[in-house]
Amino acid sequence: MADKPDRRLPEHVTTPLLSLITHQALEEDYRSVAERRAREGAAPEPRRSRVVAGAVIAVFGILISVAAVQNSRNEEVSDAGRATLIERIGESRSGLEDRQARIADLTRENLELSDSLTELATVRQEAVSQMRRLQLGAGYLPATGEGVRVLVNDNPTGDPIQRVTDADLAKLVDGLWEAGAEAIAINDQRLNPLGSIRNVGSAIHVNTFPLTPPYIVRAIGDTRTLQANLLNTTHGARFFSLADQLGFEYSVDRVSELELPAARQRPLSEVVTGTAEQRGDRGVEEDSS
Amino acid sequence: MIAALGLLVGILLGLIFQPDVPPSLEVYLPIAVVAALDAVLGGLRAYLDGIFDDKVFVVSFLSNVFIAAAIVYLGDLLGVGGQLTTGVIVVLGIRIFSNVAAIRRHLFHA
Amino acid sequence: MPEPASTPETRRTSRGRLAAAFQKPSRRQLVVAGLLAVLGFGMVTQMRSYEVNDTYAGYRQQDLIDVLNGLAGTTQRAETELARLEETRSRLQSDTSAEQAATEQARTEIDSLEVLAGVVPVTGPGIRITITEETGPVDIDSLLDTVQEMRTAFAEAMQINGQVRIVASTSFEDGVGGIYVDGTLLEPPYVIDVIGDPATLSGGMVFPEGPIEQLENDGAEVVVEELQSLDIEAVAEPDRTEFAQPGSGS
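Residues numbered from 1 in each chain as written. Chains lettered and ligands numbered in written order. Predicted model: local features only at pLDDT ≥ 70, side-chain atom pairs only at ≥ 80, totals over all residues.

## A short note on the overall build of chain A
Looking only at helices and strands, chain A has seven helices and nine strands in total. Taken over 289 residues, chain A has a buried fraction of 31%. Taking all contacts inside chain A whose residues are at least 6 apart in sequence as the whole, residues at least 24 apart take part in 80%. (Helix = DSSP H or I, 4+ residues; strand = E, 2+ residues; numbered from the N terminus. Buried ≥ 20, exposed ≤ 12 C-beta atoms within 10 Å, placed from the backbone. Contact = placed C-beta atoms within 7 Å.)

In structure tokens form, the structure reads like this:
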């Protein structure tokens, strides 16, 4: 067995950390200096120690107050900064809420608008549809469909009596209507409620437009029955009998697809809808427009 | 006494002049204050124990402050500035408590 | 200081001491109680103040800045959304106006078209032509001629005997005891109401070799009355064409 060295380890190695700190809280220097002075026999406390101590403590005082002032300044700045930031956050928040409320409003409004727009579109389509039906029937919309084409020309001899007149064409047209025609045009003039077939001198005017022979009368209708019916009508029969008598050149053909132009619409000036009673009998002077 | 007067004077000077601390040193000021406080309380305890010496007081004051600041500065360089600050405060705090307890014993015999 | 061994005596003593403390309240305990009360009060106060108001209590400067930036970003997105919604709304509004305008236009057209198609009663100035058979029946040629002449004179609406509205496709056909107008048998006297300018319409009847002469040649008596206001209440069936469709030129 070897000899254990009988050495005491220094205190600062053996004691636990916290105990060490607590024990060494007071500077050892104080103790050692005091012991030395006691050994040397000098006064326990030199005179000048008070003044020096006072000066050091003054420095300490300055440190404290400077630190306190600095801290309070920082706090002010950061508090002010904080306060401003928090205020701006508040403003930003409320601004955002406003916008979001407006977004909700607009979204709802757009939805309503969209729904009503769909309805309006339907209404418009129906109105336009009705308008076109009326236009078609009255002759103010181009028409297409199967039908017959009657070509009529003056007697080639050039005799004035053997020319086709307005009354002749009127008979043919009347016969066609009676036979079930739905739309009729002579050359390029579509027949309509405001237009007439009239001779001005020797020229036939339809819708006030002069036509030159040959006269091509196109009528849209049921090709299976139109021709036969035409011959059965009074005016139809009269026309063909007259045509034979006077020697007109004519031909009647079935056509699978006729294209009739629209007539020009003239604004109405005298007539108004309703009855005089409905309009309140507003007096003789009333001018309808 | 002179010590108390010195403290008062120091505080007044600090409040009157309100010097601006450069931002780079701002971090070390609190540490310096705590270290200084530890030295001051140690001095007070020594005085009450009857073993006060001014040279030791001055040396302990200055060395405490500079060493504490130096440790924190080194910590900042290494990137553990916050942690070292905490450590220094812990140690200084324990010492302050210890000295204050001894002072209390002297003053109140409790 | 090493801990004393836990002997039965110690245990009895410390627990006994505790028990004794509970059984015998003394002045010392009062002081302790007072201090504990202060401690308890302080704890509770601190805990309550910790959880109170200030939503931003724990936030540091950078956190607040982050919140502000976040809000700015959200606000930006909200602005974009608002702009998009406003654009949509403005588009919807203009579309709505367009639809309304188109519908209005169509309706106005329909009003005049209904008059021309003869599907609504109308009123206005015009003439009344009364044709009475005297010495012979009226020929449908003459009626046809009258209608054509009235159209030339800018007639805007016509009816016969208050029963049949004369429209573009109106046709005349011989009948027994009368005349078929658009399939309806009408008996004399024939009263034709015409709306238009009364003077022009009258002029269209009376000229030489005009309708009146033709009708008188048939053996009828014709009376033309100019009227400031006359109603035409006969209406035609709305046309539903089976074979005619809107053409490509429309």
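Now that the structure is up, let's keep going.
## Side note on the interface of chain C and chain A
Counting residues at the interface gives 77 residues for chain C, matched by 80 residues for chain A. Looking at the side of chain C that touches chain A, the elements with two or more residues in it are helix H3 (61–117), strand E1 (122–133), helix H4 (140–152), strand E4 (172–175), strand E8 (220–232) and strand E9 (245–246) of chain C. With 36 residues, the single largest contributor to the side of chain C that touches chain A is H3 of chain C. Here the residues of the side of chain C that touches chain A sort into 32 nonpolar, 25 polar and 20 charged. (Nonpolar A, V, L, I, M, F, W, Y, C, P; charged D, E, K, R; others polar.)

## Some thoughts on the sheet that holds strand E5 (residues 178–181) of chain C
Residue and element names in this part refer to chain C. One open sheet holds the three strands; their spatial order is E4-E5-E6, and the pairing between them is antiparallel. Single-partner strands in this sheet number two, and they are E4 and strand E6 (184–186). Ignoring which end each strand starts from, the neighbouring axes of this sheet average 35 degrees apart. Judged from the three bridges that link them, E5 and E6 form a sheet pairing that is antiparallel. Within E6, the residue paired with isoleucine 179 across the bridge is leucine 186. (Pairing = 2+ DSSP bridges. Axes fitted to C-alpha atoms, helices over the stretch in contact; angles between N-to-C directions.)

## Observations regarding the packing of H4 of chain C against helix H5 (residues 198–206) of chain C
All names here are of chain C. With their axes 9 Å apart at the nearest point, H4 and H5 run at an angle of 140 degrees to one another. Between H4 and H5, the crossing angle belongs to the class labelled oblique. Crossing of H4 against H5: the hand is right-handed. On H5, the residues that touch Glu149, Met150 and Thr152 of H4 are Leu201, Gly204 and Met205. Its residues assigned to classes, the contact of H4 with H5 shows three nonpolar, two polar and one charged. (Parallel < 35°, antiparallel > 145°, perpendicular 65-115°, else oblique. Left-handed = near helix turned anticlockwise from the far one by under 90°.)

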